[in-house]
Amino acid sequence: MVKNLNNLRADFPVLDQTVNDEALVYLDNAATAQRPNQVIAALTHFYQTDNANVHRGVHSLAERATADYEQARRKVQTFINAAEPETVIFTKGTTDGLNLVASTYGEQNVAAGDEIVISIMEHHSNLIPWQQLAHRKNATLKYINLTADGQLDLDDAQAKITDRTKIVAVAHASNVMGTINPIKELARIAHNHGAIFVGDGAQAVPHMAVDVQDLDVDFYAFSGHKMMGPTGIGVLYGKRALLEAMPPYQFGGEMIGFVHQFDSTWAELPYKFEAGTQNIAGAVGLGAAVDYLTAVGMPTVQAHEHEIVNYLLPKLTEMPGVTVYGPQDPANHTGVIAFNLDGLHPHDVATALDMEGVAVRAGHHCAQPLMTYLGLTATARASFYLYNSVADADQLLVALTETKEFFNHGTVETK
Ligand code: PMP
């Protein structure tokens, strides 16, 4: 099945509504994407026909639910080109996956005097787990800086990553500026120094083809809800040898080999890291989202978002009173654009845009060290996905012009 970008909007009923008497233009995809009917149907179908707990039962429903769950794992495996399904661990999301690595691999392998290197553009989810690990271990946390236009400074990365570095953890794509980071190169530098590389794929996997073997990342985390899957499901990919050497993250049902009164052994991968009843329907829904994205084709998704950014970025940059943050080169950009309007708080901008039906986010975007680094407290952020169009970008531009008029003159010219 091949899906055509021109007619897929009909798959997303939520997009077909008015907000404040205006047609909705949903540009908050970096926070969460919308779900197509196919994902909603997969969830409904699972609950209506196959629902049971997995791996425990011998009855037919339990076997079907287990097959559905494991099939979803294999879909994800193919989608990110992991070598084996056992290296795909279902989590609650990116935050959960990164905490898992910090609390297991990090706890086991980082000691006093060691270094952990992250970048200044990290989301708090790929920052606080390492910051707190560094505190616990008396290790040093270092930040890779940015170039003037919001790209990761590779020279600074070369300087910061040393033989004392144990972990390098960087976002594949920034949730604020849309920067695509050279993580294959960062993984190579990390490996040259005997460190491991952890990729935060939350803003990359939904928007571009990701091949974890080609990138040679040691761990890579992402969330289902940003790629049109359900909330509460995500993935942690890890290299088998590392996962096998790591202690479990949580203890309880499903993750054991055998439990004795005073000691226990652990299950094989991936179950060692999937304690308790998992988000089974969530995994099934994520599998349906993977099917949907595969049918469109990730190069097509990326090219489409690129076309919108190529169109919008220069127009937004040239608009009087607008400051755009991050790379000016659309080639190194996802569909995420951060900006501010002179003299206006981004919350006011977002509220005014909502009056025009345009949904954007405003705030620090869970990246407070980046905001401080840029000398800001907050920005507005528009983020595009495969169901958005150049017409949506035009709607944003029109709504921004009206917002500026409203705040400058207290009125909006009638159309
Ligand atoms: N990292 C990045 C780059 C993100 O954009 C996000 C979500 N905004 C996260 C991590 C955290 O994802 P989640 O809240 O789904 O765990």
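The coordinates are above.
Here the residue index of a chain counts from 1 through its sequence in written order. In keeping with the predicted nature of the model, local features appear solely for residues at pLDDT of at least 70, side-chain atom pairs appear and are counted solely at 80 or more, and the whole-chain, interface and lining totals rest on all residues. Excluded from the side-chain calculations are hydrogens and water; all other atoms, namely the structure's heavy atoms, are used.

*Asks:* Hey, could you run me through the pairing of strand β4 (residues 88–91) in this one?
*Replies:* Taking every second residue as pointing to the same face, both faces of β4 are buried, with Val-88 and Phe-90 on one and Ile-89 and Thr-91 on the other. Pairing of β4 with strand β10 (residues 234–238), which is carried by four bridges, proceeds in the antiparallel orientation. Across the sheet, the residue bridging to Ile-89 is Leu-236, located in β10. The buried label goes to any residue with under 20% of its type's maximum accessible area, the exposed label to any with over 50%, and the partly exposed label to all in between, with areas taken from a 1.4 Å probe on protein chains only. Elements are defined by DSSP. Helices are runs of H or I of four residues or more, strands are runs of E of two residues or more, and each kind is numbered from the N terminus. Strand pairing is assigned whenever DSSP identifies at least 2 bridges connecting the two strands.

*Asks:* Looking at this structure, how should I read the site of the ligand?
*Replies:* Put simply, a residue is near a molecule or strand once any heavy atom of it comes within 4 Å of that molecule or strand. Contacts to the ligand come from Thr-94, Thr-95, His-123, Ser-125, Asn-175, Asp-200, Ala-202, Gln-203, Ser-223, His-225 and Lys-226. Relative to its free-state accessible area of 400 Å², the ligand is covered by the protein chains to the extent of 85%. Along the lines of polarity and charge, the residues of the shell around the ligand split into one nonpolar, eight polar and two charged. Every accessible area reported is derived by Shrake-Rupley at a probe size of 1.4 Å, with residue values counting cover from the shown protein chains alone. The nonpolar class holds Ala, Val, Leu, Ile, Met, Phe, Trp, Tyr, Cys and Pro. Asp, Glu, Lys and Arg form the charged class, and all remaining residues, Gly among them, are polar.

*Asks:* Looking at this structure, how should I read the pairing of strand β9 (residues 219–223)?
*Replies:* As a general feature of sheets, a regular strand has side chains that alternate between the two faces. Of all five residues in β9, five are buried, a share of seventy percent or more. Because side chains alternate across β9, one face comprises the buried residues Phe-219, Ala-221 and Ser-223, and the other comprises Tyr-220 and Phe-222, equally buried. Pairing analysis gives three bridges linking strand β8 (residues 196–200) to β9, with the strands arranged parallel. Residue pairing in the sheet places Gly-199 in a bridge with Tyr-220 of β9. Direction of pairing for β9 relative to β10: antiparallel, over a ladder of five bridges. Directly across from Ser-223, in β10, lies its bridge partner Gly-234.

*Asks:* It is not clear to me how the packing of helix α1 (residues 37–50) against helix α2 (residues 60–80) should be interpreted in this structure. Could you clarify?
*Replies:* To characterise two packed helices, one gives the angle between the axes of the helices and the distance between these axes. Here, axes are lines fitted to C-alpha atoms. For helices the fit covers the stretch in contact, and angles between N-to-C directions go from 0 to 180 degrees. The contact between α1 and α2 brings their axes to 10 Å, and the two run at 160 degrees. Viewed along their axes, α1 and α2 adopt a mutual orientation that is roughly antiparallel. Contacts between α1 and α2 pair Phe-46, Thr-49 and Asp-50 from the former with Leu-61, Arg-64, Ala-65 and Asp-68 from the latter. Here the angle decides the label: under 35 degrees means roughly parallel, over 145 means roughly antiparallel, 65 to 115 means roughly perpendicular, and every other value means oblique. Between two residues, a contact is recorded if the distance between any of their heavy atoms is within 4.5 Å.

*Asks:* It is not clear to me how the packing of α1 against helix α9 (residues 280–296) should be interpreted in this structure. Could you clarify?
*Replies:* Closest axis-to-axis distance for the α1/α9 pair is 8 Å, and the angle between their directions is 145 degrees. Two packed elements cross with a definite hand, and for α1 against α9 that hand is right-handed. Between α1, through Gln-38, Val-39, Ala-42, Leu-43, Phe-46 and Tyr-47, and α9, the contact on the second element is made entirely by Ile-280, Ala-281, Gly-282, Val-284, Gly-285, Ala-288, Ala-289 and Tyr-292. For a crossing to be left-handed, the near helix must be turned anticlockwise from the far one by less than a right angle; the clockwise case is right-handed.

*Asks:* Got a minute to help me understand the side chain of Asn-29 in this structure?
*Replies:* Relative to the elements of secondary structure, Asn-29 occurs in the loop between β3 (25–26) and α1. Residue Asn-29 is classed as buried on the basis of its relative accessible area, which comes to 1%. Two N or O atoms form a polar contact when they lie within 3.5 Å of each other; inside protein one atom must be a possible hydrogen donor and the other a possible acceptor, and for residues adjacent in sequence the pair counts only when both atoms belong to side chains. Of note is the side chain of Asn-29, whose polar atom sits 3.3 Å from the backbone oxygen of Tyr-26. Side chain to side chain, Asn-29 and Asn-388 meet in a polar contact 3.1 Å long. Those residues within four positions of Asn-29 in sequence are excluded, and the remaining contacts are Gln-34, Ser-383, Phe-384, Tyr-385, Tyr-387 and Asn-388.

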